[in-house]
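Chain by chain, the residues run as shown.
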Amino acid sequence: MRITFIGGGNMATALIAGLLRQGHSARQISVVEHNAEARARLAADYQVSTYAELGPEAVIADTVVLAVKPQQLKGVAQALSPLLATQLVVSIAAGVRARTLSAWLMGYSNVVRTMPNTPAMIGAGVTALYALPAVQSPQRQMAEDILKSAGSVLWVEDEALMDAVTAVSGSGPAYVFYFIEAMQQAALELGLSSAAARQLALETMLGSAQLAAGSPEDAATLRARVTSKAGTTERALQRMDEAGVKAAIISAIHAAAERSIELGDALQ
Ligand SMILES: NC(=O)C1=CN([C@@H]2O[C@H](COP(=O)(O)OP(=O)(O)OC[C@H]3O[C@@H](n4cnc5c(N)ncnc54)[C@H](OP(=O)(O)O)[C@@H]3O)[C@@H](O)[C@H]2O)C=CC1
Ligand SMILES: O=C(O)[C@@H]1CCC=N1
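Residues numbered from 1 in each chain as written. Chains lettered and ligands numbered in written order. Predicted model: local features only at pLDDT ≥ 70, side-chain atom pairs only at ≥ 80, totals over all residues.

- For the protein, an unreviewed UniProt entry supplies the name Pyrroline-5-carboxylate reductase and the organism Sulfuriferula multivorans.
- Database annotation for the protein, UniProt heading Function (unreviewed entry): "Catalyzes the reduction of 1-pyrroline-5-carboxylate (PCA) to L-proline."
- Of the comments in the UniProt record for the protein, the one headed Sequence similarities (unreviewed entry) reads "Belongs to the pyrroline-5-carboxylate reductase family." (UniProt positions renumbered as here; feature names shortened; annotations may be inferred.)

**A few points about helix α1 (residues 10-21)**
Next up, step 1: Relative to the 16 Å expected for 12 residues at 1.5 Å per residue, α1 spans 17 Å between its end C-alpha atoms, a close match to the ideal helical length.
Next up, step 2: For α1, the complete set of buried residues consists of Met11, Ala12, Thr13, Ala14, Leu15, Ile16, Gly18 and Leu19.
Next up, step 3: On its buried side, α1 packs onto β1 (3-6), β2 (29-32), α2 (36-46), β4 (63-66), β7 (125-131) and α5 (137-148).
Next up, step 4: Just beyond α1, the residue with positive phi is Gly23, at close to 95 degrees. (Helix = DSSP H or I, 4+ residues; strand = E, 2+ residues; numbered from the N terminus. Expected span 1.5 Å × (residues − 1). Buried ≥ 20, exposed ≤ 12 C-beta atoms within 10 Å, placed from the backbone. Contact = placed C-beta atoms within 7 Å.)

**A closer look at the domain arrangement of the protein**
Next up, step 1: Splitting the protein by domain gives domain 1 (3-159) and domain 2 (172-262).
Next up, step 2: The straight-line distance from the C-alpha centre of domain 1 to that of domain 2 is 32 Å. (Domains from an automatic or database assignment.)

**Description of the sheet that holds strand β6 (residues 111-115)**
Next up, step 1: Across the sheet, eight strands lie side by side as β3-β2-β1-β4-β5-β6-β7-β8; this open sheet has mixed pairing. Either end of the sheet is taken by a strand with one partner, and the two such strands are β3 (49-51) and β8 (151-155). Strand after strand, the sheet turns through a mean of 25 degrees between neighbouring axes, direction not considered.
Next up, step 2: In the packing of α1 onto the sheet, contacts are made with β1, β2, β4 and β7, and the angle to β2 comes to roughly 170 degrees.
Next up, step 3: The sheet strands contacting helix α6 (residues 161-170) are β6 and β7, and the helix crosses β6 at an angle near 35 degrees. (Pairing = 2+ DSSP bridges. Axes fitted to C-alpha atoms, helices over the stretch in contact; angles between N-to-C directions.)

**As for the environment of Phe177**
Next up, step 1: Counting through the fold element by element, Phe177 comes out in helix α7 (residues 172-189).
Next up, step 2: Between the C-alpha atom of Phe177 and that of Met205, which follows or precedes it by 28 residues, the distance is 9.8 Å.

**Observations regarding the nonpolar core**
Next up, step 1: Ranked by internal contacts, the top residues of the largest apolar core, which has 56 residues, are Ile6, Leu15, Val65, Leu66, Ala67 and Val112.
Next up, step 2: Tallying contributions element by element places α1 first for this core, with six residues.
Next up, step 3: In this structure Leu66 touches Ile6, Gly7, Leu73, Val76, Val89, Val90, Ser91, Ile92 and Ala93, once residues within four positions along its chain are discounted. (Core = buried A, V, L, I, M, F, W, Y, C linked by C-beta atoms within 7 Å.)

See below:
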């Protein structure tokens, strides 16, 4: 399967790394990227073909993945539109609705909107996909295969849910890194070395997520197992509740979903 990425930034790089790790040939991947430094890095690190401009030779592909910022998508779609024949168009842009993208592509409706996340870089991503009704099942499968090389996938049939997905898992790695930063800072303040702080914070996040993923019990039950009566965890969780940490996280995720809707409303 030949794949062209338009935009070769953070997320395209994560997806390309995932595809190559899964055995996809670099010869079958092209990237259109207007930044010369980014092109050089992609060619050196991943041996993919790169193009500075969108043109017919760049989109000789089965699938074109649109990986530019939401605000850059309209211009890219308008330039891409005359070059489309039967290619599947996969967008990873936050907020931009599949129907809007189809309108920018002059009604071309072979469009799948997706929301991956950066752990795609190591094949540990999760991606939600939404297809316009016109997309046939072999092309749905193609989109799924590309994103599966970056981790697990799920389809949503109601596009409105993509805003929720964006807020939870698209932006989600940033929340996890934020929590890791806080754990490491506390560890340093408590006298641990930075190497120890890093090891303790990361192994704890990793181990807890693995435990939760492999357990039939929910997170609240697993949390209760750590929380001895009158012990240290109880004291910490009390402090978090007093500070409204859980409510703040929930409200932050709502804010991210609202931003996704706002982007969708603004970019039509
Ligand atoms: N980062 C993340 O965690 C996630 C991002 N996304 C989505 O992925 C998309 C890309 O995000 P991200 O990778 O972080 O962004 P980046 O800014 O890192 O990457 C976009 C790249 O595309 C380049 N570009 C812009 N316009 C063109 C063009 N016309 N032709 C060729 N190249 C172009 C940009 O160059 P320049 O900077 O010079 O404009 C930039 O290098 C966004 O729509 C975002 O919503 C989705 C899930 C997760
Ligand atoms: O912050 C953003 O808008 C993008 C979409 C999800 C993750 N990064």
